[in-house]
Amino acid sequence: MKIEVLGSSAGGGLPQFNCNCNNCKGYREGKKTIKRRTQSSITLSEDGINWVLFNASPDILEQIHNSPFLQPQSLRESKIKAIVFIDAQIDHTTGLLSLREGTPFDVYCTKEVNEELNTSYPIFKMLKNWNGGGVKYNQIIPNKEKFNIPIMPNHEFYALSLISNAPPYSLYRDKPRNGDNIGIVIINKKTKKRLFYIPGLGVLEKHIIEEMSKADILLIEGTLWTNDEMIKGKFSSKLGTDMGHVPLNGENGLIKVLDTLSKPRKILIHINNTNPILDESTKEFKELSSHGIEVSYDGMSLEI
Ligand code: MLT
Ligand code: MN
Ligand code: ZN
């Protein structure tokens, strides 16, 4: 299975249009240790021809433009054949509107995400007006059933519900339901190798850590370095954990847990532009590297 990181950043990307934090400013000034990053998305393929998109970011058109393998070969053709949504967040779903000319798409998500995308943020409903179809909804039932995606017959998928948060626009903000946030395990049936994709994780539950320990590759939550990063920097009044994102650093941080896992390759994704690890000259980036943890980047290719 080929894994391509289309967007490595959290909401806003880097640089974020209205942000002048050290990273956004440094990038605009041409600092070589800071990369441009688009918003959170990956894509997977078994045959290198047909691709499953995981989350459709507002930057999807730029991401497709930068990906030679996603270019059409026949007169009208989308190489993206199916889309999996791990939540209903704006930075993970809005790109679907930009793909409207390619509808209908097979979409896979939980019933909670399907509800959000038909009610509070009704993009599934809106798309019914294009090509007479909109989306073809396939329900993901977390913690229960494995599911298949026909264009990846040699792989199986299952979802775990995560404790994080519902989107800021949601009626369920600060009272998320089971199914508002999931992580997905993808297993290559031949090699038995596993990818665990968890871009939004609020609480390090024991069974999630156990699942992490079985993965060959973890593409995991890297939003914030410290829990109070947004407050200290005067960007917001929220802690990372209020937003559903466990921080990397500190006693209760993700690095401490990743240190206990020997099997997986540990790669961060959904990294906020305020996070000091996005500047490779910082002590935080060096500290992260000393734990054997990688930072994904737009255009990163992996394989299992
Ligand atoms: C998140 O990851 O918490 C959201 O993308 C926040 C947002 O929509 O700005
Ligand atoms: Mn986000
Ligand atoms: Zn910034």
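Structural data are supplied above this passage.
All figures in this text were calculated on a predicted structure; none of them were measured in a lab.

**Some points on the coordination of the manganese ion (ligand 2)**
Under ideal tetrahedral coordination, the four donors around a metal are separated by 109.5 degrees; under ideal octahedral coordination, the six donors are separated by 90 or 180 degrees. Every protein donor of the manganese ion (ligand 2) is accounted for by Asp-91 (OD) and His-270 (NE2), and the metal-donor separations fall at 2.1 to 2.2 Å. Highlighted residues: Asp-91 in helix α3 (residues 90–93) and His-270 in the loop between β11 (265–269) and α11 (283–290), separated in sequence by 179 residues. Asp-91 sits in the buried class, given a relative accessible area of 10%. We classify His-270 as buried; its relative accessible area is 5%.

**Notes on the coordination of the zinc ion (ligand 3)**
Around the zinc ion (ligand 3), the protein supplies Cys-19 (SG), Cys-21 (SG), Cys-24 (SG) and Asn-273 (OD1) as donor atoms, at distances of 2.3 to 2.5 Å. One can describe the site at the zinc ion (ligand 3) as tetrahedral: its four donor atoms subtend angles covering 105 to 117 degrees at the metal. Each donor residue of the zinc ion (ligand 3) lies on the same chain, and together they follow the pattern C-x1-C-x2-C-x248-N. Residue Cys-19 shares its accessibility class with Cys-24, and that shared class is buried.

**As for helix α7 (residues 206–214)**
Considered for burial, the residues of α7 that qualify are Ile-208, Glu-211 and Met-212. Burial along α7 is one-sided: seen end-on, the buried residues are contained in an arc of 105 degrees. Looking at the packing, one finds that the buried side of α7 touches β7 (155–161), β8 (182–188), β9 (194–198), β10 (217–221) and α10 (254–258).

**Focus: the layout of surface pockets**
With a probe scaled to a water molecule rolled over the atoms, the places where space remains empty come into view. Looking at the largest pocket, its volume works out to about 600 Å³. Lining the largest pocket are 24 residues; nearest its centre among them are Gly-11, Gly-12, Asp-91, Met-243 and Asn-272. Within the lining of the largest pocket, the residues separate by chemical class into nine nonpolar, 13 polar and two charged. If you go around the second largest pocket, you meet 15 residues; those closest to its centre are Pro-72, Glu-77, Ser-78, Glu-101 and Gly-102. Class assignment for the residues of the lining of the second largest pocket results in eight nonpolar, three polar and four charged.

**Topic: the site of ligand 1**
The environment of ligand 1 is formed by Gln-89, Asp-91, Met-243, His-245 and His-270. For ligand 1, an oxygen atom lies 3.5 Å from a polar atom in the side chain of Gln-89. For ligand 1, the protein covers 72% of the area, taking 270 Å² as the surface of the free molecule. Its atoms largely coinciding with the cavity grid, ligand 1 occupies the largest pocket.

**Overview of the pattern of salt bridges**
Taken as a whole and assessed by the stated rule, the structure comprises 18 salt bridges. One salt bridge in this structure joins Lys-25 and Glu-29, with 3.3 Å as the shortest N-O distance. With relative accessibility at 35%, the residue Lys-25 sits in the partly exposed group. Across the salt bridge formed by Lys-206 and Glu-210, the nearest N and O atoms sit 3.4 Å from each other. Of the two residues, Lys-206 and Glu-210 are both situated in helix α7; the distance of four residues between them amounts to about one turn of the helix. Owing to a relative accessible area of 65%, Lys-206 belongs among the exposed residues under this scheme. Ionic contacts of the salt-bridge type, sharing partners, join the residues Glu-115, Glu-116, Arg-177 and Asp-180 into one network.

**Some details on the environment of His-245**
Of note, His-245 is situated in the loop between α9 (240–243) and α10. Here the alpha-carbon distance between His-245 and Leu-201, two residues 44 residues apart in the chain, equals 5.3 Å. For His-245, the side chain forms a polar contact with the side chain of Glu-221, separated by 2.7 Å.

**Some points on the sheet that holds strand β3 (residues 51–54)**
Strand order in this open sheet of seven strands is β6-β5-β4-β3-β2-β1-β13, and the pairing throughout is mixed. Of all strands in the sheet, those with a lone pairing partner are β6 (135–139) and β13 (301–303), marking the two edges. The sheet shows a mean angle of 25 degrees between the axes of neighbouring strands, direction not considered. Bridge count between β3 and strand β4 (residues 80–84): four bridges; the pairing is parallel. Counterpart to Leu-53 in the pairing with β4 is Ile-83.

Scoring rules and cut-offs
- Residues numbered from 1 in each chain as written.
- Chains lettered and ligands numbered in written order.
- Predicted model: local features only at pLDDT ≥ 70, side-chain atom pairs only at ≥ 80, totals over all residues.
- Heavy atoms only, no water.
- Donors = N, O, S within 2.8 Å, 3.2 Å for Na, K, Ca; no water.
- Helix = DSSP H or I, 4+ residues; strand = E, 2+ residues; numbered from the N terminus.
- Buried < 20%, exposed > 50% of the residue type's maximum accessible area, 1.4 Å probe, protein only.
- Tetrahedral: all angles 85-135°; square planar, octahedral: opposite > 155°, others 65-115°.
- Arc of directions from axis to C-beta.
- Contact = heavy atoms within 4.5 Å.
- 1 Å grid on protein atoms, 1.4 Å probe; cavity = no way out; pocket = protein on both sides within 12 Å on 5 of 7 lines; lining within 4 Å.
- Points joined across faces, edges and corners; volume = space filled by probe spheres on them.
- Nonpolar A, V, L, I, M, F, W, Y, C, P; charged D, E, K, R; others polar.
- Near = heavy atom within 4 Å.
- Polar contact = N/O pair within 3.5 Å; in protein donor to acceptor, adjacent residues only side chain to side chain.
- Areas by Shrake-Rupley, 256 points an atom, 1.4 Å probe, with all protein chains shown as cover.
- Sits in = over half its atoms within 2 Å of the grid points.
- Salt bridge = Lys/Arg side-chain N within 4 Å of Asp/Glu carboxyl O.
- Pairing = 2+ DSSP bridges.
- Axes fitted to C-alpha atoms, helices over the stretch in contact; angles between N-to-C directions.

From the geometry alone we can't say anything about function, so treat these as descriptive.
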